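# Summary of structural features
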Amino acid sequence: MKQFVPAAAVVALQITACIAEELLPVQIRAPTPGHFSDIVANNTLDFGCRPVALPTSDGKFELQALLTRDQISWLHGEYSSDESITIQETVLDKRQTSGKAPIGTGDRFSGGSVTPSGLGTKANTASIASILNVNEINSALTGLANAYPGAFFKYNLPYTTFQGRTSVAAYTGAGADTSKYRLYLSAGMHARERGGPDNLLYWVADLLAANKSGSGLTYGSKSYTNAQVKSVLNAGIVLFPLVNPDGVVYDQSSGSLWRKNRNTRSGTSGSSIGVDLNRNFNFLWNFRKFFSSSVSPASTSPSSEAFYGTAAESEQETKNHVSVYDKFPGLRWFMDIHSAAGTILYSWGDDVNQSTDPKMNFLNATYDGKRGVTSDTVYKEYIPAADATNIKRAADAAVAGMRGVGSRSYTSQQAVGLYPTSGASDDYAFSRFWAKPGVSKVYGFTMEFGYSTNFYPTTSEFNNNIRDTNAGFMEWALTAVAVGF
Ligand SMILES: [Zn+2]
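The written sequence of each chain sets the order in which its residues are numbered from 1. At least 70 in pLDDT is required for a residue's local features to be given in this predicted model, at least 80 for side-chain atom pairs to be given and counted, and no such filter applies to totals for whole chains, interfaces and linings, which use all residues. The basis for the side-chain values is all heavy atoms of the structure; hydrogens and waters are excluded.

### Digging into the overall build of the protein
Strands here mean DSSP runs of E at least two residues long; helices mean DSSP runs of H or I at least four residues long; both are numbered from the N terminus. Within the protein, the secondary structure is distributed over 13 helices and 16 strands. For a compact globule of 485 residues, the expected C-alpha radius of gyration is about 23 Å, and the protein comes in at 21 Å, within 12% of that figure. Dimensions along the principal axes, computed over C-alpha positions, put the protein at roughly 70 × 65 × 45 Å. Buried positions account for 58% of the 485 residues belonging to the protein. Within the protein, contacts between residues at least 6 apart in sequence are counted, and of these 77% link residues at least 24 apart. Surface accessibility follows the Shrake-Rupley procedure with a 1.4 Å probe radius. Residue values consider only the protein chains on display as shielding. Split by element, the accessible area of the protein, about 17,800 Å² in all, is 52% carbon and sulfur. C-alpha atoms define the radius of gyration, and 2.2 Å times the number of residues to the power 0.38 defines the globule rule. To sort residues, take the accessible area from a 1.4 Å probe on protein chains only and compare it with the maximum for the residue type: under 20% means buried, over 50% means exposed, and anything in between is partly exposed. Whether two residues are in contact is decided by their heavy atoms, any of which lying within 4.5 Å being enough.

### Focus on the coordination of the zinc ion
In this structure, C49 (SG), H190 (ND1), E193 (OE), E193 (OE) and H338 (ND1) serve as the protein donors to the zinc ion, at separations of 2.0 to 2.4 Å. Nitrogen, oxygen and sulfur within 2.8 Å of a metal are treated as its donors, or within 3.2 Å for sodium, potassium and calcium (Na, K, Ca); water is not counted, so a site can appear incomplete. Counting along the primary sequence, the residues that act as donors to the zinc ion give the motif C-x140-H-x2-E-x144-H. With C49 in the loop between α2 (37-40) and β2 (53-55) and H190 in the loop between β7 (183-187) and α6 (196-213), the pair connects residues that are 141 residues apart, well separated along the chain. A single burial state applies to C49 and to H190, both of which are buried.

### A closer look at the environment of F109
Relative to the elements of secondary structure, F109 occurs in the loop between α4 (92-96) and α5 (134-147). Given a relative accessible area of 4%, F109 falls into the buried group. Considering only alpha carbons, one finds F109 and Y428, 319 residues apart in sequence, at a separation of 34 Å. F109 has contacts with V114, T115, P116, L132, E136, S139, A140 and Y202, leaving out every residue within four places of it along the chain.

### Let's talk about helix α12 (residues 425-435)
The element α12 is largely enclosed, with a buried count of 8 among its 11 residues. Here the buried face of α12 lies against α10 (316-327), β11 (333-339), α11 (385-405) and β16 (443-449).

### Details of the sheet that holds strand β4 (residues 86-89)
Two strands form a pair only when DSSP identifies at least two bridges running between them. Here 4 strands make up an open sheet; going across it, the order is β2-β3-β1-β4 and the pairing antiparallel. The two strands at the open ends of the sheet, each matched to only one other strand, are β2 and β4. If you compare each strand with its neighbour and ignore which way they point, the axes differ by 30° on average. The pairing of strand β1 (residues 24-30) with strand β3 (residues 61-67) spans 7 bridges and is antiparallel. Bridged to Q27 within β3 is Q64. Sitting on the sheet, helix α3 (residues 69-78) touches β1, β3 and β4, and the angle it makes with β3 is about 140°. To get an axis, fit a line to the C-alpha atoms, keeping to the stretch in contact for a helix; angles then go from 0 to 180 degrees between the N-to-C directions.

### Side note on the packing of aromatic side chains
Aromatic contacts are taken between Phe, Tyr and Trp rings whose centres are within 6.5 Å, Trp giving its six-membered ring; a plane angle under 30 degrees counts as stacked, one over 60 as edge-to-face, and the others as tilted. Summed over all chains, the structure comprises 30 aromatic pairs. Taking the centre distance of 5.0 Å and the plane angle of 50° together, the rings of Y184 and F334 count as tilted. You can see Y184 sitting in strand β7 and its partner F334 sitting in strand β11, a full 150 residues away along the chain. Taking relative accessible area as the criterion, F334 reaches 0% and is therefore assigned buried.

### Describing the UniProt feature "domain: Peptidase M14" (unreviewed entry) in the protein
UniProt positions are given in the numbering used here, feature names are shortened, and annotations may be inferred rather than shown by experiment. Under the UniProt annotation, "domain: Peptidase M14" (unreviewed entry) lies at residues 130-480. Along residues 130-480, the helical share is 34% and the strand share 15%, with 32 Å between the first and last C-alpha atoms.

### With respect to unusual backbone geometry
Omega for the bond connecting S339 with A340 falls within 30 degrees of zero, at 10°, which places this linkage in the cis form. Residue placement: A340 occurs in the loop between β11 and β12 (343-346). Between S347 and W348 the backbone carries a cis peptide bond, its omega angle lying at 0°. By the secondary structure assignment, W348 is in the loop between β12 and β13 (353-354). Unlike most non-glycine residues, L257 shows phi in positive territory, near 55°. Inspection of the secondary structure assignment puts L257 in the loop between α8 (245-254) and α9 (287-290). By relative accessible area, L257 is classed as buried at 6%. One non-glycine residue, E313, adopts positive backbone phi at about 55°. Along the chain, the position of E313 falls in the loop between α9 and α10.

Right under this line is the structure:
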């Protein structure tokens, strides 16, 4: 019998951490999204950032999940008599370990003396060999500040993380006056969603390099002129590339598909550690009060991947994220970068949209206990018709740009999609205008790059993701400029 001892030894080292969690990508198929309603109501299961039903080529719908072997067995048992629902798990090694893009070692930017350089200024065959580690994300910001003095500004956010880390944000394109910034993008909120910070940093590096050299940008089959680059930069871009550094440090060192932060106040071991930052924002946070008891848009259980924390904005990382709106009061468009589903999500995420009854809205206590059931008409979330048109236009443009790169397909959909969420960053962004008198109206989006449940991309996928997202950011930002601020 052939023995591949050296290779096996390497693989064993790499997958040790994964074995502890033993999460398998699972595809659940059904004729309609409604068939998934009971499954997604079970908030002990991990559906990624939020449950999404994606249409399949044979006219059905697919729901992706990451499940333990016990959960898969249970699911097979539950639906063994229902022929319309099929459950198919994927072999672990293929999607979680083999061929995955490595995490960078050392510091490729040498503490900021080397300037980050993206893919849009390079040939389409160019490739970035590894994912940025946490130190590199910070030195990339230093490198951009060093390369573009007076044009790229970085600053420390006010709240240190649970483990004592200082988070860094930056702004560029509209000068030193922080009231002139209109676009806000963040990444690295869910730790395991590898490549999110890279997508954002390399895009901004591209914009600055093209602006300086007078050139355009190219991502696969999509190209942008220097005038378009300048137009996007002039809108003023605020970037917060690593929202959850504690979680990312842990995920990068453990390979455990870690999602939450590393707060131990509500639980000190295993999955009970950490809060889901994307359920911790101050938008209908107390879901038991605001939503129908038949839905679980977040979880009160510390061991859930969607644990909402101990209060709205209880987490330092969430407070940092929110502080950006106060420093940049003219922000108008927000994009939170997540993976992995291949979608652009737009408002709202708590219930189906309606534009006819302004009084039926998230602030109206009359509807407490009634929100979140997407199949009924008891409650639908109010969105002014003009806003609905603008956000759909931007989401569709971003999707077209991402498809245009040429590596794969994407879709846009309302964030509520298959199931509601509470306390999410995109809804919080959009809700501020109504909840806090005097603040600007911010359109909130979530980009879900990458293939479903494939949180650890291969090197090839990692590079495709950079090109796809960067074209998506360009189209989204150009639409923002066209809509006007
Ligand atoms: Zn996410």
